[in-house]
Amino acid sequence: MNEQSRGVFSLIKARADVFYHSTSYMVIVAVVAMLGLVFEYEVAAIFVLAALALGSWLLVEDILPSFLIVTVIGLIGLRIPREGMYHFTPLYYTPIVMVPGFIIKMFIHPFKFIKGTFFYPTLAVAVAIVLGGLFVISFEAYFAFRTLYYTFFLGPGMVFIYFVLERYVEKREDIADYFAKMMVAVGVVGFFMLFSSYYMRFGGLDDFELGRFFQWRNNLSNNLLMSMPFAFYLAYKARWSGFYIMVGTLQFVALVFSFSRGGIIFGLLAYPLTALATLIVAKGHRLKIFTIVVIITGLMYYFFEEWVIPVSEIIADLRARVTVSSDEARANLYRMAWENFKTYPVFGTGLGFDVSDHYNPKTMSMHWYHSTFFQIIGSLGIVGLIAYTYQGIVRTYSLIKVRHVFNLFVALSMLGFGGYQMVNVGYFAPLPFVAMVVTMFVVVDRNNAVQLDKIKDTV
């Protein structure tokens, strides 16, 4: 490559770096996703977003911009009809281009192994995953395709993803705000996905009603609970506060209207705590933030009361929805997990365990116990419990290591998402949820380093 060609390529890379770290990029990703949802071209939207991700890999060293694309693909992919294997069409074709593209990136921006803060916790969980069901699970069950998928991507595959993040997530001064904006974009797409689906179902507000209409409501709630606090993090800075509070509040409304029981319960917990935390940290802007919250919630109350469903009916529906029976399938799954733990306490029964009268997994889904705690003890035993506890301690320490507002809102994100996982299994869904959490804590680590550098400079 001659001098002129190198200069042109350097200019293209510089402009690509600016673009992929801009708000315009996030808007484009959100618009592509929403167009795919509106016209029911989710697969086409995934291919367009994958092309955007490929461009970022080849032109930009920082891999964090593609976090938004991967997360949004995982979100809108939930809407693809699960008719046979059609749901997985993007998984068949995108790797043909994406895998070679990433390999090329590793040459353009040379890969190297960096242990980092979270290496040993990630490795500990990977070991527990691989050893799950040792001496218990059959050869056929362990090497079944879906078992191998979860074992690999939750185990060795997640260690590799962690190494990729450690190598390619850059330490940028604005990394906290940049990540928060990406999570806001995820929240916007999630809200739009739910209410566009309601519109397609009812065609307007006249016949609108709450209900368990969408099979993907639980996974949507995972995304909303994780992303909602970041809208309030950006709101506390007092720039565009009204917009961000509106987005955060709409995500809470979407959690309610998803009619996911866990989403409702933990949304009702996370939303007021997040709003209260925003008021506490806003300091000089508290009156402004409080006024905006009151106005937005008041307008939404009026809108639903007068145009959609009376709030009293919503509350009655929610009360009936969150009522738990001690004899329902989920409760029976918890009992089964406890019995399996008592019978096989060290390594559990493994991720390939699939003998149950209480649950019929969907295509490519493993046998869920529908609770992270019971999934750990039932599938991975004491070894898994120790590994996940160790990981939790290291992550918690990273949040209190440096006193920064971003860490507070990450903690609120994990409170909502992690709490929900006590009745769900997002921690066992490698793509996107486990990868999202791992990325979030790598961002925390980078931001901690930025803040510590600032402290050193002032000393």
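It should be noted that the structure appears before, not after, this text.
Residues numbered from 1 in each chain as written. Predicted model: local features only at pLDDT ≥ 70, side-chain atom pairs only at ≥ 80, totals over all residues. Heavy atoms only, no water.

Chemist: Before we move on, could you go through the pattern of salt bridges and cite the residues and values that matter?
Modeler: One pass over the full model with this rule turns up 11 salt bridges. Among the ionic pairs, Lys 454 bridges to Glu 173, the shortest N-O distance being 3.8 Å. Here the residue Lys 454 occupies a position in helix H20 (residues 430-458), and Glu 173 occupies one in the loop between helix H9 (156-168) and helix H10 (175-202), the gap between them amounting to 281 residues. With relative accessibility at 62%, the residue Glu 173 sits in the exposed group. A salt bridge links Asp 177 to Lys 237; its shortest N-O distance comes to 2.6 Å. Of this pair, Asp 177 sits in helix H10 while Lys 237 is found in the loop between helix H11 (217-235) and helix H12 (241-257), placing the two residues 60 residues apart along the sequence. A residue is classified by how much of its surface remains accessible, and Lys 237, at 36% relative accessible area, is partly exposed. (Salt bridge = Lys/Arg side-chain N within 4 Å of Asp/Glu carboxyl O. Helix = DSSP H or I, 4+ residues; strand = E, 2+ residues; numbered from the N terminus. Buried < 20%, exposed > 50% of the residue type's maximum accessible area, 1.4 Å probe, protein only.)

Chemist: Requested: an account of the packing of aromatic side chains, with residues and values cited.
Modeler: Considering all chains together, one arrives at 45 aromatic pairs under this definition. Here the aromatic rings of Tyr 233 and Tyr 236 are separated by 5.9 Å at their centres, their planes lie at 40°, and the arrangement is tilted. Judged on exposure class, the residue Tyr 233 and its partner Tyr 236 are both buried. When the centroid spacing of 5.2 Å and the interplanar angle of 75° are considered together, the rings of Phe 373 and Phe 374 count as edge-to-face. An aromatic cluster of three or more residues is present, and its members are Trp 57, Phe 102, Phe 111, Phe 113, Phe 119, Tyr 120, Phe 160, Tyr 162, Phe 163 and Tyr 168. Sitting over the ring of Tyr 168, Lys 105 keeps its end group 4.7 Å from the ring centre. (Phe/Tyr/Trp six-rings, centres within 6.5 Å; stacked < 30°, edge-to-face > 60°. Lys NZ or Arg CZ within 6 Å of the ring centre and 35° of its normal.)

Chemist: Could you give an account of the packing of helix H16 (residues 329-343) against helix H17 (residues 372-379), with specific residues and numbers?
Modeler: Relative to each other, H16 and H17 sit at 30°, their axes nearing to 7 Å. Considered as vectors, H16 and H17 are oriented roughly parallel to each other. As for the relative orientation of H16 and H17, their crossing is left-handed in sense. On H17, the residues touching Tyr 334, Ala 337, Trp 338, Asn 340 and Phe 341 of H16 are Phe 374, Ile 377 and Gly 378. The class makeup of the residues in the contact of H16 with H17 is 6 nonpolar, 2 polar and no charged. (Axes fitted to C-alpha atoms, helices over the stretch in contact; angles between N-to-C directions. Parallel < 35°, antiparallel > 145°, perpendicular 65-115°, else oblique. Left-handed = near helix turned anticlockwise from the far one by under 90°. Contact = heavy atoms within 4.5 Å. Nonpolar A, V, L, I, M, F, W, Y, C, P; charged D, E, K, R; others polar.)

Chemist: For the environment of Leu 68, give the residues involved together with the corresponding values.
Modeler: Positionally, Leu 68 belongs in helix H4 (residues 65-76). The buried category is assigned to Leu 68, whose relative accessible area is 0%. For the pair Leu 68 and Leu 49, spaced 19 residues apart in sequence, the C-alpha separation works out to 9.7 Å. Contact partners of Leu 68, with chain neighbours within four places excluded, come to Tyr 25, Met 26, Val 29, Met 182, Ala 185 and Val 186.

Chemist: Just give me the short version of a nonpolar patch on the surface, but keep the residues and values in it.
Modeler: Taken together, the side chains of Tyr 120, Leu 123, Val 127, Val 130, Leu 131, Leu 134, Phe 135, Val 136, Tyr 344 and Tyr 390 define a hydrophobic patch exposed on the protein surface, amounting to about 850 Å² of accessible area. Top element by residues in the nonpolar patch is helix H6 (residues 119-131). It accounts for 5 residues. Tracing the chain through its elements places Val 127 in helix H6. (Patch = residues over 30% accessible without salt bridge, like charges linked within 9 Å, V, L, I, M, F, W, Y side chains within 5 Å. Areas by Shrake-Rupley, 256 points an atom, 1.4 Å probe, with all protein chains shown as cover.)

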